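# Breakdown of the fold
The residues making up each chain are set out below.
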Amino acid sequence: MKTVRLTAAQAVIKYLKNQYVERDDRLQPFFAGCFGIFGHGNVAGIGQALQQELDFRYYQSRNEQAMVHTSAAYAKAKNRLQTFACTSSIGPGATNMVTGAAVATINRLPVLLLPGDLFARRNVSPVLQQVESEHSQDVSANDCFRPVSRYWDRINRPDQLLTALPEAMRVLASPSDTGAVTLSLPQDVQTEAFEYPAQLLEPRTWRVARNRPDRQLLRQAARWIRQSEKPMIVAGGGVIYSEAAEALADFVDRTGIPVGETMAGKGSLRFDHPLNAGATGVTGTLAANRIAREADLVIGIGTRYSDFTTASKTAFQHSGVRFININVAEFDAFKHGALALVGDARATLAELLPALEGWSVDPDYRAHVRKLHDEWEAEVDRIYAVRHKPLLSQGELIGAVNELGDADSVMVCAAGSLPGDLHKLWRARHPKQFHMEYGYSTMGYEIAGGLGVKMADPGREVYVLVGDGSYLMLSAEIVTSIQEGYKLTIVLMDNHGFKSIGGLSRSLGQDGFGTRYAYPADGALPGDGVSRTEPLPVDLAANAESLGAHVLRCDTFEDVTSALETARGIDRTTVIYVENDRYESVPSYESWWDVPVAEVNENDAVAHARREWEQMRANERYFPGSESRRTADD
Ligand SMILES: Cc1ncc(C[n+]2csc(CCOP(=O)(O)OP(=O)(O)O)c2C)c(N)n1
Ligand SMILES: [Mg+2]
């Protein structure tokens, strides 16, 4: 057998460079390169290997958490067919990536993490940054990655790579299993040599299958659809990753079944499709939430049914509601006791449609949906047209970005009050336009993620919408965007604290406690009951400027519209800074989110919230499965 003598780290990089994926006859390298921050845990291993393999592009980052976000966002933008590897040192460099790993795993996005780990040979322990255990020498801080990784391994000998690397790739390239993959690389092992079989390092293509569901179940699903009177589709991220938007539009046009979109699924249908009821669930539109409430059949496509989608299991109130789930992952397909069509969204829709030949929903139902759609569009127009004073409203700012931004642009967001407002109000004109990380809803994803989106598709304008809280957590990737020449337009919405959690806190009777950025007075931080507070001497616009961004400070709506115009002509990362009103909110539309309220309290407002919560909780449904309701002709 032909072999090549390499260090373990060199073998890893050579292997990654030669991995390809192919779907629908489109072949591409799976890794676009490697992000990393070097320390003693990786500099002489993976660092040395990257220096030797300059055609496997290395990128710096300012924070290990951020580089994982950038990679996950890149993978999302690429429909999971391409991603990055991320290398870190040991200790804090490694554990900084844990949040990023959780984001990737929860959103089912492939990212390969290569944290450095403690010496496998152990004799010099405890090393710098080693969390010691008196019970075992077989644990390290990197064990924190286990619950947030879809595949986790520690490479204690260089030859273990022979089995670990292909397994890592199988998981990363699998539409059903993908997420964060962690290969923990002890610092000494990275530099140790081994005679690797040349075959391991040859180009390898992973074919991403479009699996099809069971035929009998497909026929049964078609019967259920034909029997239904008020069916509805819940379109999730799987529609977009599968590139099934056209197939979905065709399916909807022919059957007349309306669509509600999840956070990850928004953009599955164009916003102006008359059967697109828009956002569904807690942050849903009146149209989608009313349709959901009465639906007798829910067809979930590529959705994991988070509590935001199901309105904490209160969204679907028809007494006999049944579920058909189309999903590549069996785990998701079986949720809500559904008839499970385990398969690729596009392939499954293509097979289901002919089985529904000659059938469509009742014309009255179609007309009802159309009316709800039109009424919703009028509501969006109304909110876009608010001109709130003295501080602007978030709704009008979203309208400005949506209407003045390029139709091909991508909007990126993740946490705060923006996701809910955007889910309702954003008008998505193409399937990749609404890039929302709402699986983990991570403050700090926005700018790092925006960078990944821009890297994936540099031809598109990327608008990052970010609150002041998220900005303060993680904005340093502005520097990376400038260093690498990837321009972002960041709209920084400053409302001096947490508008989102402030509103939630008030709704729970807690007066926004701990959610304002203001000086303490009388020994406590001010809640919303305190109308006059002294502002902190913080200037986030100056902060962005100091990181190298071009900054446009805005006061009025006209300032914002002209800043959006100016930003288009600027070729480096631009921050549009604008304050907005903490109390001017987009309402919720007949929906609910289960956030339990204190059962024992000393406050009437909390007691009132508790009583309301108890009433609402009673609406939560349990979906045991549809077998018991099977009819003879099933
Ligand atoms: C890392 C992280 N910590 C805490 C939270 C909980 N949380 C959700 S929104 C939010 C406040 C966000 O503030 P900001 O970015 O200013 O947005 P705003 O609510 O003002 O719109 C917090 C603390 C979170 N989602 N992520
Ligand atoms: Mg804020």
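Let me sum up the structure you'll find in this document.

The next thing to look at is the overall build of the protein chain. A count of helices and strands for the protein chain gives 24 helices and 23 strands. For 634 residues, the compact-globule estimate of 2.2 N^0.38 gives 26 Å, and the protein chain sits close to it at 25 Å. If one aligns the C-alpha atoms of the protein chain with their principal axes, the spans along those axes are about 70 × 70 × 55 Å. Taking all 634 residues of the protein chain together, 58% fall into the buried category. Once local pairs closer than 6 in sequence are excluded, the contacts in the protein chain between residues at least 24 apart make up 76%. Of the roughly 25,500 Å² of accessible surface on the protein chain, 50% is carried by carbon and sulfur atoms.

Following the criterion strictly, the structure yields 41 salt bridges and no others. Close ionic contact of Arg-154 with Asp-143 constitutes a salt bridge, the shortest N to O distance being 2.8 Å. Linking Arg-154 in strand S8 (residues 151-154) with Asp-143 in the loop between strand S7 (111-117) and S8, this pair joins segments that are 11 residues apart in sequence. Residue Arg-610 pairs with Glu-614 through a salt bridge whose shortest N-O separation is 2.9 Å. Residue Arg-610 and its partner Glu-614 are both found in helix H24 (residues 604-617); the two are separated by four residues, about one turn of the helix. For Glu-614, a relative accessible area of 41% corresponds to the partly exposed category.

According to the stated counting rule, one finds 14 aromatic pairs in the structure shown. One aromatic cluster is present, formed by Phe-35, Tyr-59, Tyr-74 and Phe-84 through successive ring pairs. Above the ring of Trp-206, the side-chain terminus of Arg-204 is found at 3.8 Å from the ring centroid. Just above the ring of Trp-224 sits the side chain of Arg-322; from NZ or CZ to the centre is 4.0 Å.

To locate leftover empty space, one rolls a probe as large as a water molecule over the atoms. The space that makes up the largest pocket amounts to roughly 1,200 Å³. Ser-500, Ile-501, Gly-503, Leu-504 and Trp-593 are the residues nearest the centre of the largest pocket, which is lined by 45 residues in total. Considering every element that reaches the lining of the largest pocket, the biggest residue donor is helix H21 (residues 499-507), with seven residues. In terms of residue class, the lining of the largest pocket is made up of 21 nonpolar, 17 polar and seven charged.

All right, on to the coordination of the magnesium ion (ligand 2) then. By definition of the ideal shapes, four donors in a tetrahedron about a metal sit 109.5 degrees apart, and six donors in an octahedron sit 90 or 180 degrees apart. Protein coordination of the magnesium ion (ligand 2) is provided by Asp-468 (OD), Asn-495 (OD1) and Gly-497 (O), with donor distances spanning 2.0 Å. The sequence pattern formed by the donor residues of the magnesium ion (ligand 2) is D-x26-N-x1-G. Taken as a pair, Asp-468 in helix H19 (residues 468-473) and Gly-497 in the loop between strand S21 (489-494) and H21 lie far apart in primary sequence, 29 residues in all. Judged by relative accessible area, which is 2%, Asp-468 ranks as buried. Among the residues examined, Gly-497 registers a relative accessible area of 4% and is labelled buried.

Attention now goes to a nonpolar patch on the surface. A cluster of nonpolar residues, Tyr-519, Leu-536 and Val-538, forms a patch on the protein surface that exposes about 240 Å² of accessible area. Following the sequence through the fold, Tyr-519 ends up in the loop between H21 and helix H22 (540-546). Its relative accessible area of 35% is what places Tyr-519 among the partly exposed residues.

Now for the sheet that holds strand S14 (residues 276-279). Either a parallel or an antiparallel arrangement is found when strands of a sheet pair, and the pairing is made through backbone hydrogen bonds. Spatially, six strands are ordered S14-S13-S12-S15-S16-S17 in an open sheet, and the strand pairing comes out parallel. Lying at the two open borders of the sheet, with one neighbouring strand each, are S14 and strand S17 (339-342). In this sheet, adjacent strand axes meet at a mean angle of 20° when their direction is disregarded. Along the sheet, helix H10 (residues 245-255) contacts strand S12 (231-235), strand S13 (259-261) and strand S15 (297-301); its crossing angle with S12, the most-contacted strand, is approximately 170°.

Another point: the site of ligand 1. Lining the immediate environment of ligand 1, one finds 15 residues, of which Ser-417, Ser-441, Asp-468, Gly-469 and Ser-500 sit closest. With respect to ligand 1, the side chain of Asp-468 contributes an N or O atom lying 2.8 Å from an oxygen atom. Contact distances for ligand 1 include 2.9 Å between an oxygen atom and a backbone N or O atom of Gly-497. Contact with the protein chains hides 77% of the accessible area of ligand 1, taken as 580 Å² for the molecule alone. Under a 2 Å grid-point criterion requiring more than half of the atoms, the pocket assigned to ligand 1 is the largest pocket. Those elements that provide at least two residues to the shell around ligand 1 are H19 and H21. At four residues, the largest contribution of residues to the shell around ligand 1 is made by H19. Its residues placed into classes, the shell around ligand 1 shows four nonpolar, nine polar and two charged.

This part covers empty space enclosed by the protein. Inspection of the entire model under this criterion finds five cavities of 30 Å³ or more. Approximately 570 Å³ is the volume found for the largest cavity. Taken together, 40 residues form the lining of the largest cavity, with Arg-80, Gly-237, Gly-238, Tyr-241 and Gly-302 sitting closest to its centre. Secondary structure elements with two or more residues in the lining of the largest cavity: helix H6 (161-173), helix H9 (237-241) and strand S16 (322-327). Take the lining of the largest cavity: its biggest share by element is three residues, from H9. Here the lining of the largest cavity is composed, by residue class, of 17 nonpolar, 16 polar and seven charged. When its volume is computed, the second largest cavity comes out at roughly 130 Å³.

On to the packing of helix H16 (residues 394-404) against helix H17 (residues 418-425). In contact at an axis separation of 10 Å, H16 and H17 are set at 55° when each is read in the N-to-C sense. One element, H16, and the other, H17, form an angle in the oblique class. Along this stretch, H16 crosses H17, giving a crossing that reads as right-handed. Each of Gln-394, Gly-395 and Ile-398 in H16 lies in contact with H17, whose residues at this interface are Leu-418, Asp-421, Leu-422 and Leu-425. Tallied by class, the residues present in the contact of H16 with H17 amount to four nonpolar, two polar and one charged.

What counts as what
Residues numbered from 1 in each chain as written. Chains lettered and ligands numbered in written order. Predicted model: local features only at pLDDT ≥ 70, side-chain atom pairs only at ≥ 80, totals over all residues. Heavy atoms only, no water. Helix = DSSP H or I, 4+ residues; strand = E, 2+ residues; numbered from the N terminus. Rg over C-alpha atoms; globule rule 2.2 N^0.38 Å. Buried < 20%, exposed > 50% of the residue type's maximum accessible area, 1.4 Å probe, protein only. Contact = heavy atoms within 4.5 Å. Areas by Shrake-Rupley, 256 points an atom, 1.4 Å probe, with all protein chains shown as cover. Salt bridge = Lys/Arg side-chain N within 4 Å of Asp/Glu carboxyl O. Phe/Tyr/Trp six-rings, centres within 6.5 Å; stacked < 30°, edge-to-face > 60°. Lys NZ or Arg CZ within 6 Å of the ring centre and 35° of its normal. 1 Å grid on protein atoms, 1.4 Å probe; cavity = no way out; pocket = protein on both sides within 12 Å on 5 of 7 lines; lining within 4 Å. Points joined across faces, edges and corners; volume = space filled by probe spheres on them. Nonpolar A, V, L, I, M, F, W, Y, C, P; charged D, E, K, R; others polar. Donors = N, O, S within 2.8 Å, 3.2 Å for Na, K, Ca; no water. Patch = residues over 30% accessible without salt bridge, like charges linked within 9 Å, V, L, I, M, F, W, Y side chains within 5 Å. Pairing = 2+ DSSP bridges. Axes fitted to C-alpha atoms, helices over the stretch in contact; angles between N-to-C directions. Near = heavy atom within 4 Å. Polar contact = N/O pair within 3.5 Å; in protein donor to acceptor, adjacent residues only side chain to side chain. Sits in = over half its atoms within 2 Å of the grid points. Parallel < 35°, antiparallel > 145°, perpendicular 65-115°, else oblique. Left-handed = near helix turned anticlockwise from the far one by under 90°.

None of this, on its own, says anything about what the molecule does.
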